[in-house]
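# Report on the structure
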Amino acid sequence: MDSAAPQTLPRQRKRSLNDVRAVIPATCYEKSNTKAWLALAQGAVLYIAPLTLLVLTTQWWAIPLLWLAVGLAIAGLFVLGHDASHGALFDSKRMNRFVARSCMAPSAHVEAAWNLGHNRIHHGYTTREGFDFVWHPTTVEQFAQMGTLGRLRHRFEWSLLGSGAYYLRVVWWEKMWRFAAAGKNRSAIRRDKFVLGPALALVLTVPVLFGATQGGLLGAIWLPIKLVVVPFLIFVHIIGWTVYVHHVSPDIRWWSRREWSQFAGQMESTTILRMPRLINRLWFHNIFVHVPHHVDARIPFHQLPQAATAIASEYPDTVKVERFSIVDYARATRSCKLYDFEAGCWLPYSAAAA
């Protein structure tokens, strides 16, 4: 008697973040003290060397190049501090906290406030309407209610050159230095501000006094701008742009409260961008391999590529893998102005006038 051969149906992939984590090899969670310390030593050298040259040089043509080098170095240290803040650099919780505070100090970031805003809110509710505050889109209705100055500010911050201004205002100032947390987070944030604030004041005071002894009033103004202010502003632009390309693009969706899920936020609204190897190796430490980082922030930076490969092989239709392009970034800044959460799409400014 003939019997029909049993059909093997393809296994359906579940849309749960735990299911995604299940496909990540256990080796991806293995930390390496050697790799962590080498990365930190590299970051320190890349920061101290150009900063020392910036102190010594008076050549006008060298100063902008050194500004860029110091700004990139601050970003590199910040990425390592960011990983330590997630507990992904060392096994020791105390060591991670110490490294996080130390590496975030050159960028004037309050680690306890960053831990609350980034680690818990941004990672906990990635691209969810009303929750994730980082590059949260403005709706047509919200834009229409803005005054003239508010609209001008929005147009600049969401332009090709505005990412630094946005990050400085929304993340660094409003959600960190100005932010007053409630409950148990309040004391930790105030303690970090109490330590970091005077340290930053000292960092600014020393070049002011030294500049005054060398060049009077002009030297007192110029030297802190040269050594501290401009490198910091370059860093702010770099980190603002970095966060933008992770979660803003014409094909990246933000989600209404009722439609959002952890799978949607971490898998469908996050990217993997292939950066030039040297740039990634020197400063960015795989931070653009962003999907596995959002799936599980405990994965160390040196294991992110392996985790990305495992996730992409299991979810090839979900994971966005692209080579970074200035042209694509410019296209995003032209297209991604306002957002319709009901339709799930980006809109141009002209939609506000319709």
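All figures in this text were calculated on a predicted structure; none of them were measured in a lab.

## Here's the deal with the state of the cysteines
Overall, the coordinates contain 0 disulfides when judged by the stated rule. Note on Cys336: no disulfide assigned, nearest cysteine sulfur contributed by Cys345 at a separation of 11 Å. By relative accessible area, which is 0% here, Cys336 ends up buried.

## Thoughts on the pattern of salt bridges
Under the counting rule described, the total for this entry stands at 12 salt bridges. Between Arg331 and Asp328 there is a salt bridge, with the nearest N and O atoms lying 3.8 Å from each other. A residue pair is termed a helical-turn pair when its members lie 3 or 4 positions apart in one helix, as Arg331 and Asp328 do in helix α14 (residues 326–335) at 3 residues.

## With respect to the sheet that holds strand β1 (residues 138–139)
Taken together, the 3 strands give an open sheet; going across it, the order is β1-β4-β5, and neighbouring strands pair in mixed fashion. Each having just a single partner strand, β1 and β5 (345–347) make up the two edges of the open sheet. Pairing of strand β4 (residues 338–340) with β5, which is carried by 3 bridges, proceeds in the antiparallel orientation. The residue bridging Tyr339 from the neighbouring strand is Trp346, located in β5.

## Concerning unusual backbone geometry
Most peptide bonds take the trans form, and the phi angle of most residues other than glycine is negative. You will see that Ala108, though not glycine, has its phi angle at about 55 degrees, which is positive. Its location among the elements puts Ala108 in the loop between α4 (93–104) and α5 (111–124). Taking the relative accessible area as the measure of exposure, Ala108 reaches 7% and is therefore buried.

## A short note on the environment of Arg153
Note that Arg153 resides in helix α7 (residues 148–157). Judged by its relative accessible area of 43%, Arg153 falls in the partly exposed class. Put simply, Arg153 and Pro207 are 54 residues apart on the chain and 32 Å apart in space, counted from C-alpha to C-alpha.

## What to know about the layout of surface pockets
Approximately 790 Å³ is the volume found for the largest pocket. What lines the largest pocket is a set of 32 residues, among which Ala105, Ala199, Leu200, Val203 and Val228 lie closest to the centre. Secondary-structure elements contributing two or more residues to the lining of the largest pocket are α2 (33–56), α3 (62–85), α8 (163–177) and α9 (184–247). Looking at the lining of the largest pocket element by element, the count peaks at 18 residues for α9.

## Some details on empty space enclosed by the protein
Scanning all chains against the criterion turns up 2 cavities of 30 Å³ or more. Looking at the lining of the largest cavity, the elements with two or more residues in it are α3, α5, α8 and α9. Taken as a whole, the second largest cavity spans an internal volume of roughly 30 Å³. Lining the second largest cavity are Gly43, Leu46, Ala73, Gly76, Leu77, Leu282, Trp283 and His285. Elements represented by at least two residues in the lining of the second largest cavity include exactly α2, α3 and α11 (277–284). No other element matches α3, which puts 3 residues into the lining of the second largest cavity. Its residues assigned to classes, the lining of the second largest cavity comprises 5 nonpolar, 3 polar and no charged.

## Structural notes on the packing of aromatic side chains
Taken as a whole, this structure holds 24 aromatic pairs when the rule is applied. Pairing Tyr339 with Phe341 gives two aromatic rings, centres 4.9 Å apart and planes at 65 degrees, and the pair type is edge-to-face. By relative accessible area, Phe341 is classed as buried at 4%. By the ring-pair criterion, three or more aromatic residues cluster together here, those being Trp135, Trp158, Tyr166, Tyr244, Tyr329, Tyr339, Phe341 and Trp346. Geometry around Phe131 places Arg128 over its ring, the cationic atom sitting 4.5 Å from the centre. The residue whose ring lies beneath Lys175 is Phe133, and the NZ or CZ to ring-centre distance is 5.4 Å.

## A word on the packing of α3 against α9
Between α3 and α9, the least distance of the axes is 8 Å, while the angle of their chain directions is 55 degrees. Comparing their axes, α9 and α3 come out oblique. Handedness of the crossing formed by α3 with α9: right-handed. Along its contact with α3, which presents Ile63, Trp67, Leu68, Val70, Gly71, Leu72, Ile74, Ala75 and Phe78, the element α9 presents Trp222, Lys226, Val230, Pro231, Phe232, Ile234, Phe235, Ile238 and Ile239. Considering only residue class, the contact of α3 with α9 consists of 16 nonpolar, 1 polar and 1 charged.

Rules behind the numbers
- Residues numbered from 1 in each chain as written.
- Predicted model: local features only at pLDDT ≥ 70, side-chain atom pairs only at ≥ 80, totals over all residues.
- Heavy atoms only, no water.
- Disulfide = S-S within 2.5 Å.
- Buried < 20%, exposed > 50% of the residue type's maximum accessible area, 1.4 Å probe, protein only.
- Salt bridge = Lys/Arg side-chain N within 4 Å of Asp/Glu carboxyl O.
- Helix = DSSP H or I, 4+ residues; strand = E, 2+ residues; numbered from the N terminus.
- Pairing = 2+ DSSP bridges.
- 1 Å grid on protein atoms, 1.4 Å probe; cavity = no way out; pocket = protein on both sides within 12 Å on 5 of 7 lines; lining within 4 Å.
- Points joined across faces, edges and corners; volume = space filled by probe spheres on them.
- Nonpolar A, V, L, I, M, F, W, Y, C, P; charged D, E, K, R; others polar.
- Phe/Tyr/Trp six-rings, centres within 6.5 Å; stacked < 30°, edge-to-face > 60°.
- Lys NZ or Arg CZ within 6 Å of the ring centre and 35° of its normal.
- Axes fitted to C-alpha atoms, helices over the stretch in contact; angles between N-to-C directions.
- Parallel < 35°, antiparallel > 145°, perpendicular 65-115°, else oblique.
- Left-handed = near helix turned anticlockwise from the far one by under 90°.
- Contact = heavy atoms within 4.5 Å.

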